[in-house]
Protein chains: 2
Amino acid sequence: MSKRLAAVALGALAMAVSAPVMASDNPAEDIIKARQASYRVMAWNFGRIKANLEGEYNAKQVEAAANAIAAIAGSGMGALYAPGTETGSGYYPTSVKPEMFTDKEGAAKVAIAFGKASAALASAATGGDQAAVKTAFGDVGSACKACHDQFRQKRD
Amino acid sequence: MSKRLAAVALGALAMAVSAPVMASDNPAEDIIKARQASYRVMAWNFGRIKANLEGEYNAKQVEAAANAIAAIAGSGMGALYAPGTETGSGYYPTSVKPEMFTDKEGAAKVAIAFGKASAALASAATGGDQAAVKTAFGDVGSACKACHDQFRQKRD
């Protein structure tokens, strides 16, 4: 993530006085909240796809959920790791490891893998082939886990 | 939102033991968190577009942010208003008014308007015409406000 992008993102929150969610006077906290919220929304939609794969399959619902995951994954999430957000709290203390900010090559690798897997899931979901969705869903889960194993602190 | 969809969504969280975010033992809280997170992520991306319109315009960033908003808006947000989530807390107490659950026609109207405005913004952002993006951005803001005025409790 570029410093410019981080500055834009910080500025966006600082200036967004008329935005639907008011910026607090703590831009780092706002960014960590947006970061935690982004993963929460992706997890929610991931869970919906899982429920469809394990129960009655609603292709429209799976497509919509997969599109949400892919769009968030492709939204420029690097801005959510702006300098100053290595530690601290959003809704709760961040679980990110410091290595996410220092190992730029490793971070880019997991981010690109996640982006590709998410895009493939959205593509499979649009195609409507449930077996292809199941495979792509597993690949997204693996991409999540790869990043968690490397860059997320273990929770109690 | 159908009861079936709500059941699927609740089930998704209850079953998603291997999902990236573990479900708690309080499905209603999980849904309210997903609801609050969804609006947070949209607001974050809305703020990024605002910063681009007021500063240096990065068409790719605006497109990515607009796509995230449109995909979340189109992801079947009705499931985030499942029965049992009229009151209670997610990350914080919900600000939703009871009317959102009882005035189904009114709720559908603001939801459809928001979905259309978000899709139009994403379309304008893909086109790359900054003036068109600015207009569409204003329309999304108006759609946000219309729902807030009608269905969101005033905050202190």
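Everything numeric here is computed off the predicted structure, so don't read it as measured data.

Q: Looking at this structure, how should I read the overall build of chain A?
A: Scanning chain A from N- to C-terminus turns up six helices and zero strands. Per-residue burial over chain A gives 49% buried out of 156 residues. Taken as a whole, chain A presents about 7,200 Å² of accessible surface, with 58% of it coming from carbon and sulfur.

Q: Looking at this model, I keep getting lost on the environment of Ala125 of chain A. Mind explaining?
A: All names here are of chain A. Along the chain, the position of Ala125 falls in helix H5 (residues 104-127). Judged by relative accessible area, Ala125 falls into the buried class, the value being 1%. Each C-alpha atom, one on Ala125 and one on Ile72, is 16 Å from the other, the two residues being 53 residues apart in sequence. Leaving out residues up to four positions away in the same chain, Ala125 has contacts with Val62, Glu63, Ala66 and Val133.

Q: Is there a simple way to explain the pattern of salt bridges in this structure?
A: All names here are of chain A. A complete count under the given rule lists six salt bridges over all chains for this structure. As a salt-bridge pair, Lys50 and Glu54 come within 3.1 Å of each other at their nearest N and O atoms. With a gap of four residues between them, Lys50 and Glu54 both fall in helix H2 (residues 27-54), about one helical turn apart.

Q: Explain the confidence of the model for chain A to me, please; I cannot follow it from the model alone.
A: Low-confidence regions, as indicated by low pLDDT, have predicted coordinates that should not be scrutinised in detail. Residues and elements named next belong to chain A. For chain A, the mean per-residue pLDDT works out to 89, and 85% of the residues sit at or above 70. With pLDDT under 50 throughout, residues 1-21 is counted as low confidence; its partners more than four residues away or in other chains account for 45 contacts. On the interface metric, ipTM, the complex scores 0.86, and its pTM is 0.86.

What counts as what
- Residues numbered from 1 in each chain as written.
- Chains lettered and ligands numbered in written order.
- Predicted model: local features only at pLDDT ≥ 70, side-chain atom pairs only at ≥ 80, totals over all residues.
- Heavy atoms only, no water.
- Helix = DSSP H or I, 4+ residues; strand = E, 2+ residues; numbered from the N terminus.
- Buried < 20%, exposed > 50% of the residue type's maximum accessible area, 1.4 Å probe, protein only.
- Areas by Shrake-Rupley, 256 points an atom, 1.4 Å probe, with all protein chains shown as cover.
- Contact = heavy atoms within 4.5 Å.
- Salt bridge = Lys/Arg side-chain N within 4 Å of Asp/Glu carboxyl O.
- pLDDT = per-residue confidence, 0-100.

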